[in-house]
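Architecture and fold: a report
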Amino acid sequence: MYGPCTFMKIFIVLLSLIIQDEGMTVFDFNAQSVLRNWAIVDDVVMGGRSNGQFQLDSDGHGWFHGYVSTENYGGFSSVRFNSGTLEINAFQTAEIRLKGDGKFYQFRCKTKRYDPHSYIYDFQTTGEWETIEIPLHEMKPRFRGRQLNMPDYPANFVEEIAFLIGNKKNEEFSLQIDYIKFK
């Protein structure tokens, strides 16, 4: 005979499997989305002249766009989301539905929001709507563009996620985001 504790354990295991299959949605953009936990951080923090913006487009997608300038030793624009502390150790990938402009971007995660380094994955967009899957354990630790001698992303917690463009050239950019989830 099985006791209540056994059934509870079975329930928790089944719930865990369902959550892993469905994933954890971090942000699902729509026309009513509130963007207060999203912030632009451009190279102006170090004297650069890049200018990024983040807003909802006419269809309710997150829209990160602007101009990257290499003038005055600049060269990047980023948009960052303060997610609060999310436990993600049950997940293997970040799944993002987006539409870029054919340029290279970075997806970035921080275990602690105020850590100096981020864990980074570079990807190129196609110019069409696409769903990209980023293997969390392949994200590399970097600080100010330099690879660090540290293990890859442990993917246990995340407090900040970000998108960054910094292709070492002057260019306009446009990245629309439909959703971000961990699976």
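This text gives an overview of the structure that appears in the document. (Residues numbered from 1 in each chain as written. Predicted model: local features only at pLDDT ≥ 70, side-chain atom pairs only at ≥ 80, totals over all residues. Heavy atoms only, no water.)

**As for the nonpolar core**
Among the nonpolar cores identified, the biggest contains 35 residues, and I88, I96, F107, Y153, I161, F163 and F182 are the most heavily contacted of them. Beyond its immediate sequence surroundings of up to four residues, I161 is in contact with V26, V79, R80, F81, F107, R108, C109, I180 and F182. (Core = buried A, V, L, I, M, F, W, Y, C linked by side-chain atoms within 4.5 Å. Buried < 20%, exposed > 50% of the residue type's maximum accessible area, 1.4 Å probe, protein only. Contact = heavy atoms within 4.5 Å.)

**Digging into the sheet that holds strand β11 (residues 146-147)**
The 7 strands are arranged β2-β5-β12-β7-β8-β10-β11 in an open sheet whose pairing can be described as antiparallel. Looking at the sheet topology across the chains shown, the edges are occupied by β2 (38-42) and β11. Sheet topology places strand β7 (residues 104-110) next to strand β12 (residues 157-165); 5 bridges connect them, and they run antiparallel. Each bridged residue has a counterpart across the sheet, and for K110 the counterpart in β12 is E160. (Pairing = 2+ DSSP bridges. Helix = DSSP H or I, 4+ residues; strand = E, 2+ residues; numbered from the N terminus.)

**A short note on the pattern of salt bridges**
Per the stated rule, a full pass over the model turns up 8 salt bridges. One salt bridge connects K103 with D101, and the closest N-O pair in it is separated by 3.8 Å. Overall, the relative accessible area of 27% leaves D101 in the partly exposed class. (Salt bridge = Lys/Arg side-chain N within 4 Å of Asp/Glu carboxyl O.)

**Structural notes on the packing of aromatic side chains**
All chains considered together, the criterion is met by 11 aromatic pairs. Ring centres of F27 and F81 lie 5.3 Å apart, and the angle between their planes is 80°; on these two criteria the pair is classed as edge-to-face. Residue F27 is found in strand β1 (residues 24-28), and its partner F81 is found in strand β5 (residues 77-87); the two are separated by 54 residues along the sequence. Per residue, the accessibility class of F27 equals that of F81, and both read buried. Where F107 meets F163, the ring centres are 5.5 Å apart and the plane angle is 55°; that geometry is what we call tilted. Note that F107 is positioned in strand β7 and F163 in strand β12, a separation of 56 residues in sequence. Taken individually, F107 and F163 each receive the classification buried, so the pair is uniform in this respect. (Phe/Tyr/Trp six-rings, centres within 6.5 Å; stacked < 30°, edge-to-face > 60°.)

**With respect to the layout of surface pockets**
Estimates place the volume of the largest pocket at around 840 Å³. In this structure, the largest pocket is lined by 31 residues; those nearest its centre are F76, R108, R144, G145 and L164. Within the residue set of the lining of the largest pocket, elements represented by two or more residues are β7, β8 (118-124), β10 (140-143) and β12. The computed volume of the second largest pocket comes to approximately 200 Å³. Contributing to the lining of the second largest pocket are 13 residues, with V41, R80, R113, Y114 and E160 lying nearest its centre. Broken down by secondary-structure element, the contributors of at least two residues to the lining of the second largest pocket are β2 and β5. Here the lining of the second largest pocket gets 3 residues from one element, more than from any other, and that element is β5. (1 Å grid on protein atoms, 1.4 Å probe; cavity = no way out; pocket = protein on both sides within 12 Å on 5 of 7 lines; lining within 4 Å. Points joined across faces, edges and corners; volume = space filled by probe spheres on them.)

**Quick look at unusual backbone geometry**
The backbone phi angle of Y73 is positive, close to 65°, even though this residue is not glycine. Relative to the assigned elements, Y73 resides in the loop between β4 (62-68) and β5.

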